[in-house]
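Fold and contact review
Here are the chains, one letter per residue:
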Amino acid sequence: MNIALVILAAGKGTRMDSDLPKVLHPIAQVSMLVHAMRAGAALDPEQVVVVAGHGADAVRKAAEDENETAQIVLQTEQLGTAHAVGQARAALDGFRGDVVVLYGDTPFIRPETLERMIAARRSHDLVVLGFEAADPARYGRLVLDGETLERIVEFKDANDAERALTLCNSGLIACDAAVLFDLISAVGNDNASGEYYLTDIVALARARGLSATAVTCDESETMGVNSRAELARAEAIFQARARAELLDAGVTLMAPETVHLAQDTVIGRDSVIEPNVVFGPGVTVESGATIRAFSHLEGCHVSRGAVIGPYARLRPGAELAEHAKVGNFVEIKNARIDERAKVNHLSYVGDAHVGAAANIGAGTITCNYDGVMKHHTRIGAGAFIGSNTMLVAPVQIGAGAMTASGSVITRNVEDDALALARAPQQNKPGRVSKLFDMLKAKKARRDKEQS
Ligand code: UD1
Ligand code: MG
């Protein structure tokens, strides 16, 4: 069956008290909107429509960065959830299949739950996702008759008996596109909020003899985020769950609660993650790697048997081959470090390729930026870069070559050559005491002049 996602993301999120639209606040380094898009992507949708309003330009950019075919439609006035879905009508003109409505501020929906909704569509015209709420508070209530969902009543419009119901509306629905837009056309706003409620389509569908039912999920999946406190709680829930999954998958986390993961972090089994490691977006760590304490990784790939840190920083484009070693206070950016190469201390390696088993001495810097452009450094296999070498890119060091420590290398070095590029040393015997005698005499003269 063809699926189109409609993701509601127009709301202001007043309680966030933020210039950033609510749906762009991140959990595990990825915006809530992108969490919702990724959950929905599991349904392999033909179209993805994001309904934007507040901060629409920023929402558009985030949505398109995640999925370049995403369509963004504007809801300039937020007149209610039915009105919001209605804005997707033109974008879905000609689409045949099911629409799944998601909320941009509900990041924890699991793909399996969406699949269960789609499965339930085989036997019902309209499927709503509900959950048993520990505290039903102000959620809409699902009014069921056996398996049949008769209507949804919003808290503000509910009577006492309805408020006593604990099965609540998550907001997610699945319905044939043509049927959905037809029902939405019939929704009015004569209710306690004066809004066009999407929830009204259930009673409208039943009145037309269509069938409706509820699929349920765990409350934790439908958690919405409305304030910074809820955002922090959502982050904590995400982290706890992601750490538990890694532990279950055979990854050692020495102090799990101090390891911060991104939504897309991948770590292979038998890897060891020491305390206080932060994973930014786009990190893959293969099996059997070791990430030592206080390291920060983003947009990088660490191969089997590599050892990183303590205190290492891997930035986007860092590609570490098997058994590579990156030690303390080393930063790697957009660089390939081949098998068994070592960059062990206090170095910056950016826009570079370090050959297999090369040894990069302490304090080596690839000087990659001339203030306008970035340039590449290539270090051959087995090369030995002496401590405190400045490699002024673009530059190439041949295989098996060596640079003397303290060198400033501005020209290519051929294979097996030794490059020396530093001022020669001169020793002056006995010169220190003479120098001090001269300085002390000078000071004595000045003191006398000033007294
Ligand atoms: C809605 C449901 C309620 C459900 C609850 C779950 C309705 C009428 N009520 O209530 O039954 O229990 O969610 O959290 O649907 N939005 C727009 N444009 C609008 C209005 C809303 O894009 O005009 C977006 C919001 O940004 C948000 C989502 O839709 O992401 C839900 O809107 P919200 O106002 O939070 O609805 P609730 O009152 O919470
Ligand atoms: Mg809400």
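Please read these numbers as outputs of a predicted model, since none were measured by experiment.

Another aspect to go through is the site of ligand 1. Neighbouring residues of ligand 1: 19 residues in total, closest Q75, G80, T81, E154 and N169. Take Q75: an N or O atom from its side chain is 2.7 Å from a nitrogen atom of ligand 1. For ligand 1, the accessible surface in isolation is 750 Å², of which the surrounding protein chains cover 79%. Counting residues per element, the ones that place at least two in the shell around ligand 1 are strand 1 (3-9), helix 3 (81-86) and strand 10 (167-176). Class assignment of the residues belonging to the shell around ligand 1 gives a composition of 8 nonpolar, 9 polar and 2 charged.

The full count for this structure, using the stated rule, is 15 salt bridges. The shortest N-O distance in the salt bridge between D351 and K333 comes to 3.0 Å. Here the residue D351 occupies a position in strand 26 (residues 348-354), and K333 occupies one in strand 24 (residues 330-337), the gap between them amounting to 18 residues. With a shortest N-O distance of 3.5 Å, K443 and D447 are connected by a salt bridge. Taken together, the residues span about one helical turn, with K443 and D447 both in helix 9 (residues 431-450) at a distance of 4 residues. By relative accessible area, D447 is classed as partly exposed at 39%. Through salt bridges that share partners, R110, E112 and E221 make up one connected network.

This part takes up the sheet that holds strand 35 (residues 418-419). Strands sit in the order 12-14-17-20-23-25-27-30-33-35 across an open sheet of 10 strands; the sheet is parallel. On the outer flanks of this sheet lie strand 12 (252-253) and strand 35, each paired with one strand and no other. The pairing of strand 33 (residues 402-403) with strand 35 spans 2 bridges and is parallel. Across the sheet, the residue bridging to T403 is A419, located in strand 35.

Let us now look at unusual backbone geometry. The peptide bond linking G309 to P310 adopts the cis configuration, its omega dihedral lying at 5 degrees. Considering the arrangement of structural elements, one finds P310 in the loop between strand 20 (307-308) and strand 21 (312-314). Residues A393 and P394 are joined by a peptide bond in cis, for which omega reads 5 degrees. By the secondary structure assignment, P394 is in the loop between strand 31 (390-392) and strand 32 (395-397). Even without glycine at this site, F294 takes up a positive phi of about 60 degrees. Within the element layout of this structure, F294 appears in the loop between strand 17 (290-291) and strand 18 (296-297). With phi around 50 degrees, D351 is a residue other than glycine that occupies positive phi space. Assessed through its relative accessible area of 7%, D351 is described here as buried.

The geometry of helix 1 (residues 32-41) relative to helix 2 (residues 56-66) is characterised by a closest axis approach of 10 Å and an angle of 35 degrees between their N-to-C directions. Crossing angle aside, the handedness with which helix 1 passes helix 2 is right-handed. The segment helix 1 lies against helix 2, with L33, V34, M37 and R38 engaging V59, A62, A63 and E66. Its residues assigned to classes, the contact of helix 1 with helix 2 comprises 6 nonpolar, no polar and 2 charged.

Time to look at the domain arrangement of the protein. Domain annotation for the protein reports domain 1 (3-222) and domain 2 (228-419). Using C-alpha coordinates to define each centre, domain 1 is positioned 42 Å away from domain 2. When domain 1 packs against domain 2, close to 1200 Å² is buried across both sides, 57% of that on carbon and sulfur atoms. If you sort the residues of domain 1 by the area they bury against domain 2, A28, Q29 and F108 come out on top, with a joint share of 41%. Between domain 1 and domain 2 we count 0 salt bridges in total. The interface formed by domain 1 and domain 2 holds 7 residue pairs in polar contact (both at pLDDT 80 or more) in total. If you list the elements that add at least two residues to the side of domain 1 that touches domain 2, you get strand 2 (26-27) and helix 1. Among the elements that take part in the side of domain 1 that touches domain 2, helix 1 stands out by supplying 3 residues, more than any other.

Take Q426: it is sitting in the loop between strand 35 and helix 9. Of the residues examined, Q426 reaches a relative accessible area of 61% and is grouped as exposed. Each C-alpha atom of the pair Q426 and A312 lies 37 Å from the other, and the pair is 114 residues apart in sequence. Separated by 3.2 Å, the side chains of Q426 and K428 make a polar contact.

Before going further, it helps to examine the side chain of T106. When you line up the elements, T106 lands in the loop between strand 6 (98-103) and helix 4 (111-120). Judged by relative accessible area, which is 4%, T106 ranks as buried. Once residues within four sequence positions are removed from consideration, T106 is found in contact with E221, T222, M223 and G224.

Cut-offs used in this document
Residues numbered from 1 in each chain as written. Chains lettered and ligands numbered in written order. Predicted model: local features only at pLDDT ≥ 70, side-chain atom pairs only at ≥ 80, totals over all residues. Heavy atoms only, no water. Near = heavy atom within 4 Å. Polar contact = N/O pair within 3.5 Å; in protein donor to acceptor, adjacent residues only side chain to side chain. Areas by Shrake-Rupley, 256 points an atom, 1.4 Å probe, with all protein chains shown as cover. Helix = DSSP H or I, 4+ residues; strand = E, 2+ residues; numbered from the N terminus. Nonpolar A, V, L, I, M, F, W, Y, C, P; charged D, E, K, R; others polar. Salt bridge = Lys/Arg side-chain N within 4 Å of Asp/Glu carboxyl O. Buried < 20%, exposed > 50% of the residue type's maximum accessible area, 1.4 Å probe, protein only. Pairing = 2+ DSSP bridges. Axes fitted to C-alpha atoms, helices over the stretch in contact; angles between N-to-C directions. Left-handed = near helix turned anticlockwise from the far one by under 90°. Contact = heavy atoms within 4.5 Å. Domains from an automatic or database assignment. Buried area = accessible area lost by both parts, 1.4 Å probe.

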